[in-house]
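Below are the chains, spelled out letter by letter.
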Amino acid sequence: MDEIYKLLEDPAFELTMETVCHLHKILMRTNHILAIRQHGNSKLALTHVGVTRQHCAINVSVAGKDVKVQFCPFDSVDVELTAFCS
């Protein structure tokens, strides 16, 4: 939160993809392992901290009992995040 407050105090602050990745890197500095459950099997994978999924070419979806969510395809993440920041 201190990092966010510092950014907000800067009169020249603009939300950019780089800012979001920087904050992600700070927030996830102690968590680099992700538990993945696929087809009833569990495995561990390294998370890609401080970069978008476009850099690691990974698509993400979440499927549960009552819901299935397909997140933005990895090859569109940078464009979509830039648009969001604008």
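Placed above this text is the structure.
Read on for an overview of the structure. (Residues numbered from 1 in each chain as written. Predicted model: local features only at pLDDT ≥ 70, side-chain atom pairs only at ≥ 80, totals over all residues. Heavy atoms only, no water.)

Topic: the environment of F74
Looking at where F74 falls in the secondary structure, it is placed in the loop between β4 (68-70) and α4 (77-85). Overall, F74 belongs to the partly exposed group, its relative accessible area being 24%. C-alpha of F74 to C-alpha of T52: the two residues are 22 residues apart in sequence and 8.1 Å apart in space. (Helix = DSSP H or I, 4+ residues; strand = E, 2+ residues; numbered from the N terminus. Buried < 20%, exposed > 50% of the residue type's maximum accessible area, 1.4 Å probe, protein only.)

A word on the side chain of T52
Looking at the secondary structure, you find T52 in the loop between β2 (41-46) and α3 (53-56). Its relative accessible area of 6% is what places T52 among the buried residues. Not counting residues within four places of it along the chain, the set of residues in contact with T52 comprises M17, C21, V77, D78 and L81. (Contact = heavy atoms within 4.5 Å.)

Re the pattern of salt bridges
Under the definition given, this model contains one salt bridge. Close ionic contact of K6 with E3 constitutes a salt bridge, the shortest N to O distance being 3.5 Å. Of this pair, K6 and E3 both sit in helix α1 (residues 2-9), three residues apart, which is roughly one turn of the helix. E3 sits in the partly exposed class, given a relative accessible area of 24%. (Salt bridge = Lys/Arg side-chain N within 4 Å of Asp/Glu carboxyl O.)

Topic: the environment of K25
Mapping K25 onto the fold places it in helix α2 (residues 17-27). Along the chain, K25 and V51 lie 26 residues apart, while their C-alpha atoms are 7.9 Å from each other. Not counting residues within four places of it along the chain, the set of residues in contact with K25 comprises V49 and G50.

Overview of the state of the cysteines
If you walk through the whole model with that rule in mind, you get zero disulfides. Sulfur of C21: no disulfide; nearest cysteine sulfur belongs to C85 and is 8.8 Å away. You can call C21 buried: its relative accessible area is 15%. (Disulfide = S-S within 2.5 Å.)

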